[in-house]
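Each chain is listed here by its residues.
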Amino acid sequence: MIEPPLWLVILPIAAAPFVYLIRRWGLAALLAALVALFTGWLAWSFPPTNPFRLMGRPFFLDPLTQQALALLFVMAAVLFLIAWQLPQGRSFYPFALILLGLFAAAGMVRHLGIAALTMTLAAIVAVPIIQGGQTGATRAAWRFLMMMVLALPFFLLTSWRVDLYRDDVENVVYLGQAALFLGMGMLIWLAVVPLHGWLTGVGAGAPPVATALVLTGFPLLTLVILVHLLAEATWFTSHGQAGQLLLMAGLVSAATGGLLAAVQRGLRPLMGYAALCDMGLLMVALAIGGDGGAPAFYAGLAIRALGLGLTGAATAAVCHGAKGDAFATLRGVAYRVPLATAALVVGGFTLAGLPLTASFFPHWLLLRDLAQIDPRWVWLVVGSGLGVAVGYLRGLNAMLAPPADSASANVSRRAWLGMIFLVALGLLSLGLSLFPDPLLMVVDRLLLAYPLPPL
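A quick note: this is a predicted structure, and the numbers were derived from the prediction, not measured.

Novice: How should I be thinking about the confidence of the model for the chain in this particular structure?
Specialist: Low-confidence regions, as indicated by low pLDDT, have predicted coordinates that should not be scrutinised in detail. Per-residue pLDDT for the chain averages 86, and the proportion of residues at 70 or more is 93%. Taken element by element, the chain is modelled with least confidence in helix 10 (residues 234–237), mean pLDDT 63, and with most confidence in helix 4 (residues 92–108), mean pLDDT 93. Contacts for the low-pLDDT stretch residues 407–413, under 50 throughout, to residues beyond four places or in other chains number eleven contacts.

Following this line, the structure appears as structure tokens:
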């Protein structure tokens, strides 16, 4: 008998061949969205299970994985419908479904080596999504794949040393080596500066909607796996350097992302550096923990998905209207796609953590706890968010410039479905800033199930 949680893996992968056969038609987007939405509903509605074994390895659908997968599947369904009228390459729908199934497997398996192999397989599947039919540009896909493959040996070595320790519990040197290998692998997966090239490369080279899916899914599952390890592997959290390393890595990544976001000259690379800044802030929240860091971390996981989904879809709509993403080509585009322009600003400000967006409240909690450790770091975090905001304000300034000719001021009426979702996501971000209680209720449940251990 098939265990119920395994349907989260089986359904999207089984639907992928059918979607591939009809990928040239609009029906592919509808079918992919329905499968993703139904699977997300299953992930939300399944009760947390007891551990079960598959091919000798333990699997477990815990509350954190359950909420993360539900969020990811629902966001993917929205992105599929947006990509219906803002094409992201014909391989987007079928390969994205396979990717979602692999994400579900990686989140449920409780063996680090198998999880790393599954994530590497997911990286291989993601290559056609990142490529997006752009035959002349392969750098982003190759850089992403190379870094994901480079991280794999570190996780396999970690699993090997842990297994050796279980056979010889008196030799604690194995645990020190395992912690070192695990830290190296996580630095790559989390795109810590200077190993961030795969994240910013995807942002600059992949189609924007595909970028939103990839830059949400891989870091989200990485952080889920890391939280599982922090809760279960006390040999890692017992190292005093682990928390300090994670904190400093997050601060450097956030500062670098914010600084470089402020000087970008195109919307797609800007999105990559904004995602890097947000990733750094999540690492800071995870390292701090406590009454402010832990809620900021769990709320930030959901808000990151919202911010990237909104920003990616809006970037795709703006690029579609301007025939390019460089600021030099965006002159007057705000008059053609005003809703997409407004959504882009809201999405960018959400990633920046500005007031009146969904991310402001968790950022405020993070700053409050960070000030108790070192007030200077507060200014670093605030400056990184302002750097992202400056980048999007520069883009807005280019889009508000008078159009070159009067004909270009006409408002495009294409991609109406995408505009509906852009408005809905933008209102959701603004609404959560004023009424965060629904999100905080989910965060409270996660804190009860998975309290972040002190680092």
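Novice: Any chance you could explain unusual backbone geometry here in plain terms?
Specialist: The omega torsion of the bond from Val193 to Pro194 falls at 10 degrees, within 30 degrees of zero and hence cis. Mapped onto the secondary structure, Pro194 falls in the loop between helix 7 (173–189) and helix 8 (197–205). Non-glycine residue Ala191 carries a positive phi angle of around 55 degrees. By the element assignment, Ala191 lies in the loop between helix 7 and helix 8. Looking at Ala191, the relative accessible area reads 0%, which means it is buried.

Novice: Looking at this structure, how should I read the environment of Thr200?
Specialist: Here Thr200 shows up in helix 8. Given the relative accessible area of 8%, Thr200 is considered buried. In this structure the C-alpha to C-alpha distance between Thr200 and Ala340, which are 140 residues apart in sequence, comes to 23 Å. Not counting residues within four places of it along the chain, the set of residues in contact with Thr200 comprises Gly272, Tyr273 and Leu276.

Basis of the calculations
- Residues numbered from 1 in each chain as written.
- Predicted model: local features only at pLDDT ≥ 70, side-chain atom pairs only at ≥ 80, totals over all residues.
- Heavy atoms only, no water.
- pLDDT = per-residue confidence, 0-100.
- Helix = DSSP H or I, 4+ residues; strand = E, 2+ residues; numbered from the N terminus.
- Contact = heavy atoms within 4.5 Å.
- Buried < 20%, exposed > 50% of the residue type's maximum accessible area, 1.4 Å probe, protein only.

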